[in-house]
Amino acid sequence: MTVWTLKFNLFSGIAFFVNFRQATSGQVAIIKDPDGWTNVRKSPDGKSEILHRVYENQVFWYDFEKADEEKDWISIYFPKDDYTIGKGVPIVGFIHRSRFLPLENIPEYSGKNFSFEYKLSDFDSTNRVIDRKDGKWITAIDGRYVWGTDGEVPKTQVDDIKVTIDGHEVKIPNVYFSDIYECRNKFTVYKNDKTYFVYQWNSDGAGAYEVVWVFDENGLKQRLVGVMY
């Protein structure tokens, strides 16, 4: 069994740690509820305080090892920011196991109605604002945390993302890919009803991170990013 620690860096405004076993889709899940939503509770009790409401096809993290041990309630970590850009620590709470669906249990998609591709190039430092610690380790580029490296200069940058749904191109604003580096066009696509999930690990070693892109017929709905240490 391979054991990792998932760390959400302080630069993204998230400061908590989760241990998990490496799995096909890490520790990302959605809900399954006929109402289309479920409550996140403060304690593993149906009468405890409601902290938040999770809606159908919103992705969130869970502790893989704890989920094996927990019975009726699963502890989850839900981002306050739909695009994981860094607007505070996540909501930590519980949902009932009957409402819990790991992403890897959703059918993989291999059809032609959806496509996703990074447009990549070598990293270009021209006119970039690069912050360093001790004059050496990169801590931010253009004021944003650098996903994909462990303080080193990135090798690959994302210039654009080409997404099509039912023959229509979906435009992805630069702000959603300008902080991710060392990406590859290697990922798994899942589909639940009319929602597509693009899941992958990028980079290697200490700089590796997990990213999930969520799309429906209206375009990009969510981006979930985490760093694996």
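Keep in mind that what you see is a predicted model, and the values were worked out from it rather than measured. (Residues numbered from 1 in each chain as written. Predicted model: local features only at pLDDT ≥ 70, side-chain atom pairs only at ≥ 80, totals over all residues. Heavy atoms only, no water.)

**Student:** Explain the layout of surface pockets to me, please; I cannot follow it from the model alone.
**Tutor:** To find leftover empty space, a probe the size of one water molecule is rolled over the atoms. The volume enclosed by the second largest pocket comes to roughly 200 Å³. Taken together, 13 residues make up the lining of the second largest pocket; nearest its centre are Glu-56, Asn-57, Thr-195, Asp-216 and Lys-221. Of all the elements in the fold, those that place two or more residues in the lining of the second largest pocket are β17 (209-216) and β18 (219-228). Of the residues that constitute the lining of the second largest pocket, the class distribution is 1 nonpolar, 5 polar and 7 charged. (1 Å grid on protein atoms, 1.4 Å probe; cavity = no way out; pocket = protein on both sides within 12 Å on 5 of 7 lines; lining within 4 Å. Points joined across faces, edges and corners; volume = space filled by probe spheres on them. Helix = DSSP H or I, 4+ residues; strand = E, 2+ residues; numbered from the N terminus. Nonpolar A, V, L, I, M, F, W, Y, C, P; charged D, E, K, R; others polar.)

**Student:** Quick question: what am I supposed to make of the confidence of the model for the protein here?
**Tutor:** Should pLDDT be low for a region, the predicted coordinates there are not to be read in detail. On average, residues of the protein score 86 in pLDDT, and 86% of them reach the 70 mark or higher. Taken as a whole, residues 1-25 scores under 50 in pLDDT and shows 86 contacts with residues more than four places along the chain or in a different chain. (pLDDT = per-residue confidence, 0-100. Contact = heavy atoms within 4.5 Å.)

**Student:** Please clarify how the pattern of salt bridges should be interpreted in this entry.
**Tutor:** Opposite charge on two side chains makes pairing possible when the charged atoms of those side chains draw close. Evaluation of the coordinates by the stated rule reveals 5 salt bridges. With a shortest N-O distance of 2.6 Å, Arg-99 and Asp-33 are connected by a salt bridge. Here Arg-99, found in the loop between β8 (91-96) and β9 (100-102), pairs with Asp-33, found in the loop between β3 (28-31) and β4 (37-41); they are 66 residues apart in sequence, far enough to count as distant. A residue is classified by how much of its surface remains accessible, and Arg-99, at 28% relative accessible area, is partly exposed. Asp-142 is the partner of Arg-128 in a salt bridge, and the nearest nitrogen-oxygen pair spans 2.7 Å. Taken together, the residues Arg-128 in the loop between β10 (114-122) and β11 (130-133) and Asp-142 in the loop between β12 (137-141) and β13 (156-165) connect sequence positions 14 residues apart. Assessed through its relative accessible area of 24%, Arg-128 is described here as partly exposed. You can call Asp-142 partly exposed: its relative accessible area is 39%. (Salt bridge = Lys/Arg side-chain N within 4 Å of Asp/Glu carboxyl O. Buried < 20%, exposed > 50% of the residue type's maximum accessible area, 1.4 Å probe, protein only.)

**Student:** Before we go on, may I ask you to explain the environment of Pro-107 in this structure?
**Tutor:** Inspection of the secondary structure assignment puts Pro-107 in the loop between β9 and β10. A relative accessible area of 54% means that Pro-107 is categorised as exposed. On a C-alpha basis, the gap between Pro-107 and Lys-191 in space is 6.2 Å, while along the polypeptide they are 84 residues apart. In this view, Pro-107 contacts Val-189, Tyr-190 and Lys-191; residues no more than four positions away in its chain are not counted.

**Student:** Just checking my understanding: could you explain the nonpolar core for this structure?
**Tutor:** What tends to happen in soluble globular proteins is that the nonpolar side chains get buried as a cluster. The biggest cluster of nonpolar side chains holds 26 residues, and the ones touching the most others in it are Phe-114, Ile-172, Trp-213 and Phe-215. Elements represented by at least two residues in this core include exactly β10, β13, β16 (195-202), β17 and β18. Every residue in contact with Phe-114, bar those within four places of it in the chain, is listed here: Tyr-109, Val-163, Thr-164, Ile-165, Val-189, Tyr-196, Val-198 and Phe-215. With 15 residues, the next largest nonpolar core counts Ile-30, Trp-61, Tyr-77 and Trp-201 among its residues. (Core = buried A, V, L, I, M, F, W, Y, C linked by side-chain atoms within 4.5 Å.)

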